[in-house]
Amino acid sequence: MNTFEENLKKLEELTIDIKRPDIALEDALKDFEQGISLAKGMEKQLDQIEGKIQILMTEPVPMEKDNPPQMDLFSDDSELNGTRK
């Protein structure tokens, strides 16, 4: 499978080729079909990348100096109220 960048470069080459004034209709159609196929594959790749970005954006922020762990998540409610069972 080609990378997104490789597919984009090929799509750009096909676009330039189609614009040639001396290209035969059959060749232009073949380039167009290949371009459509590449574009659909690239759209799927972009959808996958977008999904990964969404996952990364919704993950909790990693522990850092300014973001200490929230230990109260692990204590029971009675400790928070000052009473023990």
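Positions within a chain are numbered from 1, following the residues in the order the chain's sequence is written. Local features are withheld for residues below a pLDDT of 70 in this predicted model, meaning they are given only at 70 or higher, and side-chain atom pairs are given and counted only at 80 or more; totals for whole chains, interfaces and linings count all residues. Side-chain figures throughout are based on the complete set of non-hydrogen atoms in the structure, without hydrogens or water.

A. The overall build of the protein chain, seen in detail. What counts as a helix is a DSSP run of H or I of at least four residues, what counts as a strand is a run of E of at least two, and both are numbered from the N terminus. Check the secondary structure of the protein chain and you find three helices and zero strands. Remark: exposure states derive from per-residue accessible area (1.4 Å probe, protein chains only) relative to the maximum for the residue type, with buried under 20%, exposed over 50%, and partly exposed in between. Residues counted as buried form 12% of the 85 residues belonging to the protein chain. Restricting to contacts in the protein chain with at least 6 residues of sequence separation, those with at least 24 account for 53%. In these tables, accessible area is a Shrake-Rupley quantity obtained with a 1.4 Å probe, and a residue counts as shielded only by the protein chains included in the view. Surface accessibility of the protein chain: about 7,800 Å² in total, with carbon and sulfur atoms responsible for 58%. In what follows, a contact means two residues having at least one pair of non-hydrogen atoms within 4.5 Å.

B. Representation of the packing of helix H1 (residues 4–18) against helix H2 (residues 25–58) within the structure. Packing of H1 against H2 brings their axes to within 9 Å, and their N-to-C directions diverge by 155°. Here H2 runs roughly antiparallel to H1, going by the angle between their axes. Note that H1 runs across H2; the crossing there is left-handed. Of the residues in H2, those touching H1 at Phe 4, Asn 7, Leu 8, Lys 10, Leu 11, Leu 14, Asp 17 and Ile 18 are Ala 28, Asp 31, Phe 32, Gln 34, Gly 35, Leu 38, Met 42, Gln 45 and Leu 46. Of the residues contributing to the contact of H1 with H2, the split by class is ten nonpolar, four polar and three charged. The axes used here are C-alpha line fits, helices contributing only the stretch in contact, and every angle between their N-to-C directions lies in the interval 0 to 180 degrees. Note on terminology: angles under 35 degrees are roughly parallel, angles over 145 are roughly antiparallel, angles of 65 to 115 are roughly perpendicular, and the others are oblique. A crossing counts as left-handed when the near helix is turned anticlockwise from the far one by less than a right angle, and as right-handed when that turn is clockwise. Note that Gly is not counted as nonpolar here; it falls among the polar residues with everything else outside the nonpolar set of Ala, Val, Leu, Ile, Met, Phe, Trp, Tyr, Cys and Pro and the charged set of Asp, Glu, Lys and Arg.

C. Seen up close, a nonpolar patch on the surface. Residues form patches when they are more than 30% accessible in relative terms and have no salt bridge. Like charges link within 9 Å. Nonpolar side chains (Val, Leu, Ile, Met, Phe, Trp, Tyr) link within 5 Å. Any Lys or Arg side-chain nitrogen found within 4 Å of a carboxyl oxygen on Asp or Glu counts as a salt bridge. Side chains of Ile 18, Leu 29, Phe 32 and Ile 36 sit close together on the surface and give an oily, nonpolar patch of about 340 Å² of accessible area. It is H2 that provides the largest number of residues to the nonpolar patch, a total of three residues. Inspection of the secondary structure puts Ile 18 in helix H1.

D. Geometry of H2. Any helix carries an expected span of 1.5 Å times its number of residues minus one. Given a rise of 1.5 Å per residue, 34 residues ought to cover 50 Å, and the 49 Å separating the end C-alpha atoms of H2 matches this to within 8%. The inward-facing, buried residues of H2 abut H1.

E. Layout of the confidence of the model for the protein chain. Of all residues in the protein chain, 69% attain a pLDDT of 70 or more, and the chain-wide mean is 82. Taken element by element, the predicted model of the protein chain shows its lowest mean pLDDT in helix H3 (residues 77–80) (50) and its highest in H1 (95). The predictor reports its confidence for every residue as pLDDT, a score running from 0 up to 100.

F. View of the environment of Glu 6. If you trace the backbone, Glu 6 turns up in helix H1. For Glu 6, a relative accessible area of 43% gives the class partly exposed.

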